[in-house]
Structure formats: C-alpha cells, structure tokens
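The residues making up each chain are set out below.
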Amino acid sequence: MKFNSFNQIKTRFAPSPTGPLHLGSIRTALFSWAFARHYNGRFILRIEDTDIERSSKKSLQSILDTINWLGLKPDEGPFYQTNRLLYYKKIITEMMKNGSAYYCYSSPDDIENMRTIAKKHGLKPRYDGTWRPEVGKKLPKIPNNIKPVIRFKNPQTGILSWNDIVKGKISIQNSELDDLIIMRSDEMPTYNFCAAIDDWEMGITHVLRGDDHINNTPRQINILNSLNITPPNYGHIPMILNKEGEKLSKRHNVMSVMDYKEQGYLPDAIINYLSRLGWSHGNNEIFNKEQLIHWFDAKNFSKSPAHWDNKKLDWINSFYIKKMSDQSLYQTLDSFLTQQVKSLNFNNLFDTMLLFKNRVSTLKELAENIKMFSETFYPIISIDHKKYLTPFILNVLKNFNHDIQHINWNRESISNFIKITLGKYNIKMSEIAIPLRIILIGKIQTPPIEDILLLLGKKIIRDRLNVL
Ligand code: GLU
C-alpha cells in the first residue's frame, strides 16, 4: 500500500497514565509500532496526562516498563501533554478569536437539566447550545459566580466522513454532535482537543487505536478542520473480547501486561500472540518481530473483534520457551527462582530446568517444577492419591529406599535397579512409578521416574521416603 501524500509515515501511541497498561492498549502500541517500522516511518510515544486527578506516577512507570519490556522502543518521546499546556492555551486563544470556540457559563445544574430534558424526549443527552454565539442571537447575561469552560463550536450541518483504514468509509451527521468542552473551568484542556492538536503538531500521519475511540474521531476531525489542518488517517481496531464475548476490561479482572511478565510469559510470545488479535498474515501463527514488521501493512486488519484465548497464549509461550537457548532460558528464569532453589547444586538445577523445559507453558511453571528438587520442598500427598499407596507398595518402597542408597548414582544403574525391583516383587512399572512420584514430588505425572530420581539425589529420596 502507498501513502503518497506523506514523506514519512508517523504513528503514535498515546496512553493516559491512569492505570496499568492492559492488553488492548498495548496491542494498539504494537500495531502502531509495527506499522511505522514496516514503512520505515517513525513511532512516537505521547503521554496524555491532562487528567491530573486520575494520572499517577505509578501508572506512568508501568507504561514505560511495559513498552521497554516488549521492546517497542519509540523513535521520539515520551512527550507529556502537561508540558504543553501553554501551547494548547495559545491555540485555544486563536480559536476564540476566529470564532470556533466560545465561553460557556452553564452550571453543572444547567447541564444536568439539559440531560434530563433530552432523555425525556428520547434524545441523546447533549449540550443545548445556550452559550453558542450566532449572528443575531442574544446570549444570556454572564453570571458572576461561574468560571466558564470553553466549548468548540462544532458545525451543525453537513456530513463528516473519513476512510477508516480498518473499517472503510465512516460517515456521521454533524447534527449528531454537540459542542464539546475543550478547556475545563480549571483551564485544563481536554482529551479530544489535545489529541487532535498533538497529532497534527507532531506530524502524525496514521492514528491506529481501539474502536472505542470511533466516537471521538469526528470531533477531532472537526477541530482540525476549524484550524484548516488536514487530519491524519485513522484506523479503528475492533476490541478484544473474552470467552463470553464481552469486552476485555479492568472490571473483568484482566491482567495487566506486566502481570503476564510476572506469570512467566516471554515478551516475544506476547508480541506474537497479540499481533494475531485483529490482524493476520495468511495462516501464520508463529512469527518473529522481523516477519511481523515485514508483513504489517494496512491490508490485513480484521473488521471483527478478536477473542482472547489463554490456551493459545500458553501454547505460543511454550513454543518460545522451547526455542530459547538453554543459557538464556537459565538467565531469564533467574528472577523466578527462590533463594532455596538457587542454593541447589548448579548442575542439578540446570539439568532439572532442561528436564522440564519442553513440558511447561510459563517460566513460573518451570520454576515451580524446579522447586520440587530443593531440600526444603515437602510434597503434599492429596487424598485422591492415597489409593495408590497400598500397604504392600509402601513396604516395597521401604525396601527400595534402603537398597537404592547403595547403588552407583547414574541413570543406567537407577534404571537397572528399578527393573530388578519390578522382578523381585512381580509388579508393573506403573505400580511403583506412580507411588514414587506421589511421595517424592506430590504428582502423578512427571518426566521419566529415572530422571526424577537421578536429579533428586540419594539424600532427598531417603528423607522423603523415610516418612513412610
Ligand atoms: N489517551 C487515550 C487513551 O488512553 C488515547 C486515545 C487515542 O489514541 O487517541 O485511551
């Protein structure tokens, strides 16, 4: 696809630091980043922090950490809107002069009344234009107890359209839109105004964002039109839905992106998985960042919402865990290991990691498996498992525990010793392997029992079987 009217593609990610970054938001960042990279453009990070009450340093830090963790490095920014207040004021003053903005002295009670009346008539709640100046219109007397807000004088006639990169042509009657507040009474400019102005001033050519922002777009375009500015291209990406078909939202206990980090998901897996939510390249499910950039033009966005599927994410994460080199897996795993585990003999720790590397979905799960091999781990035998521990088998295991202390410690002799035990008591492998797993590790399924025994070592085997 060619965008001839621009010298260079510029996209932006413009989060508000009002909470940790969630999956939907970071997907917007990812798409904007990949789009810019695909066209050799620039990707900008802008922090929309004019909602002072809801913005926090902690949220800001979490945004920066998430972007950093996923490697979505901006080419410019972060720019903070609170550093640009004088600039916004200057533009609003110009708009007041050219008649595209005006003071509104309606009190909160007045606004509430307007809403009630609109609702009564089955209309959308909206500002009724009391203070909107018109030729020949007499405005009310200015009250002296009210600090005014500034509203944008939205066109009242005509149709506003744009060709949405994702959804195609979208049109809306201007008569549907009321005059929105662009500066609050505390002189803080509002989101729609700042976003529109910044997109222009920062040279943004393509705005990609969630389709929960579709209603804002005509307002932003009208603001830009009133200043004779050509609006950027917009693309609205359908929301991500949960299994029940509801929008993923904080209310539904959706984890933040950094929670996924803590759960042991790898950044490459998150990027790979997220990029398939609302975008595709044929049937490709697994691809790296370079391929994503190579393929990420504007053609393959999906018009319908994507569904979050934890199982698929787990599958992709396990793929990336398997693919990692043993050394870097060990390094990445470090922060998941407790001090007790770290005190394990290094070779043991490393070999245990390798034993489970291909069997887990997350680093946390991997670490939990390794933990079972430390001396301070006490397996819990569940009631369901008790049926495997018959008096006969417990007796076999007592003798097993005694005799295994005298064999040479390598996989082959452990394997031989098990075979001898099976012959001696005329039992099947599962009759001894399952009880051993339960008592030694607290689980029915594990990698081969020889490997488990080898890595546990004589002392731990003795201690754990001694409780019989
Ligand atoms: N600050 C807005 C948000 O976090 C950004 C919307 C936009 O991309 O224009 O939802």
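Definitions and limits used
Per-chain numbering applies: the sequence of each chain, read as written, is numbered from 1 onward. Local features in this predicted model are restricted to residues whose pLDDT is 70 or higher, and side-chain atom pairs enter the listing and the counts only when it is 80 or higher, whereas totals over whole chains, interfaces and linings include all residues. In computing side-chain properties, one takes all heavy atoms of the structure into account and sets aside hydrogens as well as water. A run of DSSP states H or I qualifies as a helix once it reaches four residues; a run of E qualifies as a strand once it reaches two. Both are numbered from the N-terminal end. The buried label goes to any residue with under 20% of its type's maximum accessible area, the exposed label to any with over 50%, and the partly exposed label to all in between, with areas taken from a 1.4 Å probe on protein chains only. Only heavy atoms matter for contacts: two residues are in contact if any of them lie within 4.5 Å across the pair. For accessible areas, the Shrake-Rupley method is used with a probe of radius 1.4 Å. Any residue's cover is judged against the shown protein chains and nothing else. For the purpose of charge, His is not counted, nor are the chain termini; Lys and Arg are scored as positive and Asp and Glu as negative. To locate a charge, the coordinates of NZ of Lys, CZ of Arg, CG of Asp or CD of Glu are taken. In a helix, the anticipated span is given by 1.5 Å times the number of residues less one. Distance and chemistry together define a polar contact, namely a pair of N or O atoms within 3.5 Å, with one atom able to donate a hydrogen and the other to accept it when in protein, and with adjacent residues in sequence counting only for side-chain atoms on both sides. Note that the domain bounds reflect an automated or database-derived domain assignment. Note on definitions. A residue lies near a molecule or strand when any single heavy atom of the residue is within 4 Å of it. Just so you know the grouping, Ala, Val, Leu, Ile, Met, Phe, Trp, Tyr, Cys and Pro go in nonpolar, Asp, Glu, Lys and Arg go in charged, and all remaining residues, Gly too, go in polar. In this scheme, patches are assembled from residues that exceed 30% relative accessible area and form no salt bridge. Like charges are connected within 9 Å, while nonpolar side chains (Val, Leu, Ile, Met, Phe, Trp, Tyr) are connected within 5 Å. What makes a salt bridge here is a side-chain nitrogen of Lys or Arg within 4 Å of a carboxyl oxygen of Asp or Glu, nothing more. Classification of ring pairs rests on two measures: the distance between centres of Phe, Tyr or Trp rings, Trp counted by its six-membered ring, which must be within 6.5 Å, and the angle between planes, read as stacked under 30 degrees, edge-to-face over 60 and tilted in between.

Section: the overall build of the protein
Here is step 1: When helices and strands are tallied, the protein shows 18 helices and 12 strands.
Here is step 2: Across its three principal directions, the C-alpha atoms of the protein cover 110 × 50 × 35 Å.
Here is step 3: Put simply, the protein has 468 residues, and 49% of those count as buried.
Here is step 4: Restricting to contacts in the protein with at least 6 residues of sequence separation, those with at least 24 account for 75%.
Here is step 5: For the protein, the exposed area adds up to about 24000 Å²; of that, 50% sits on carbon and sulfur atoms.
Here is step 6: Across the protein, the mean location of the 63 positive side-chain charges is 1 Å away from that of the 47 negative side-chain charges.

Considerations on helix H16 (residues 411-425)
Residues separated by three or four positions in an α-helix point in the same direction, a consequence of the helix having 3.6 residues per turn.
Here is step 1: Look at H16: 21 Å from first C-alpha to last across 15 residues, which is about the 21 Å you get at 1.5 Å a residue.
Here is step 2: If you check which residues of H16 are buried, you get Ser-413, Ile-414, Ser-415, Phe-417, Ile-418, Thr-421, Leu-422 and Tyr-425.
Here is step 3: The inward-facing, buried residues of H16 abut helix H15 (391-404), helix H17 (429-441) and helix H18 (449-466).
Here is step 4: You can read the cap of H16 off the contacts: a side-chain oxygen lies 3.1 Å from the backbone nitrogen of Glu-412, and it is on Asn-410.
Here is step 5: Just past H16, the residue Asn-426 takes up positive phi, approximately 55 degrees.

Some thoughts on the side chain of Asn-192
Here is step 1: By the secondary structure assignment, Asn-192 is in helix H5 (residues 191-201).
Here is step 2: Taking the relative accessible area as the measure of exposure, Asn-192 reaches 7% and is therefore buried.
Here is step 3: At 3.3 Å, the side chain of Asn-192 forms a polar contact with the side chain of Asn-216.
Here is step 4: Side chain to side chain, Asn-192 and Gln-220 meet in a polar contact 2.9 Å long.
Here is step 5: Other than its neighbours up to four places away in sequence, Asn-192 contacts Leu-180, Asn-216, Arg-219, Gln-220 and Ile-223.

Considering the domain arrangement of the protein
Here is step 1: Domain assignment breaks the protein into domain 1 (1-73 + 194-323), domain 2 (86-183), domain 3 (325-377) and domain 4 (384-465).
Here is step 2: Domain 2 and domain 4 are separated by 77 Å when their C-alpha centres are compared.

Details of the site of the ligand
Here is step 1: What surrounds the ligand is the set Arg-12, Ala-14, Pro-15, Ser-16, Glu-48, Tyr-191, Arg-209 and His-213.
Here is step 2: One of the side-chain N or O atoms of Ser-16 is found 2.8 Å from a nitrogen atom in the ligand.
Here is step 3: The contact in question runs from an oxygen atom of the ligand to an N or O atom on the side chain of Arg-209, over 2.7 Å.
Here is step 4: When the ligand is considered free in solution it has 300 Å² of accessible area, and contact with the protein chains removes 80% of it.
Here is step 5: A per-class count over the shell around the ligand returns three nonpolar, two polar and three charged.

Notes on unusual backbone geometry
Here is step 1: Backbone torsion omega between Gly-77 and Pro-78 reads 10 degrees, so that peptide bond is classified as cis.
Here is step 2: Among the secondary structure elements, Pro-78 is positioned in strand S3 (residues 76-80).
Here is step 3: Residues other than glycine seldom take positive phi values, yet Asn-228 does so here, at roughly 60 degrees.
Here is step 4: Tracing the backbone shows Asn-228 in the loop between helix H6 (216-226) and strand S10 (233-237).
Here is step 5: Look at Asn-228 and you get exposed, because its relative accessible area is 74%.
Here is step 6: For Asn-426, which is not glycine, the phi dihedral falls at a positive 55 degrees.
Here is step 7: Of note, Asn-426 is situated in the loop between H16 and H17.
Here is step 8: Look at Asn-426 and you get exposed, because its relative accessible area is 71%.

Some details on a negative patch on the surface
Here is step 1: A cluster of acidic side chains, namely Asp-109, Asp-110, Glu-112 and Asp-128, defines a negative patch on the protein surface.
Here is step 2: Residue classification places Asp-128 among the exposed positions, given a relative accessible area of 51%.

Side note on helix H1 (residues 23-38)
Here is step 1: In this model, H1 (16 residues) spans 22 Å end to end at C-alpha, consistent with the 22 Å of a helix rising 1.5 Å per residue.
Here is step 2: Counting buried residues along H1, 12 of its 16 residues qualify, which places the element largely inside the surrounding structure.
Here is step 3: Within H1, burial applies to Leu-23, Ile-26, Arg-27, Thr-28, Ala-29, Leu-30, Phe-31, Ser-32, Trp-33, Ala-34, Phe-35 and Ala-36.
Here is step 4: Of the residues flanking the end of H1, it is Asn-40, one or two places downstream, whose phi is positive at about 50 degrees.

Overview of the environment of Tyr-88
Here is step 1: Position of Tyr-88 relative to the elements: it lies in helix H3 (residues 85-98).
Here is step 2: In this structure, the C-alpha to C-alpha distance between Tyr-88 and Phe-193, residues 105 residues apart in sequence, is 8.5 Å.
Here is step 3: With near-sequence residues (within four places) excluded, Tyr-88 lies in contact with Gln-81, Pro-189, Phe-193, Cys-194, Ile-197 and Asp-198.

Considering the packing of aromatic side chains
Here is step 1: Under the criterion given, the structure shown has 21 aromatic pairs.
Here is step 2: An angle of 75 degrees between the planes, with centres 6.2 Å apart, marks the rings of Tyr-88 and Phe-193 as edge-to-face. Here Tyr-88, found in helix H3, pairs with Phe-193, found in helix H5; they are 105 residues apart in sequence, far enough to count as distant.
Here is step 3: Owing to a relative accessible area of 0%, Phe-193 belongs among the buried residues under this scheme.
Here is step 4: Considering the side-chain rings of Tyr-273 and Trp-308, the 4.8 Å spacing of their centres and the 85 degrees angle between planes classify their relative orientation as edge-to-face. Highlighted residues: Tyr-273 in helix H8 (residues 267-275) and Trp-308 in the loop between strand S12 (306-307) and helix H10 (310-323), separated in sequence by 35 residues.

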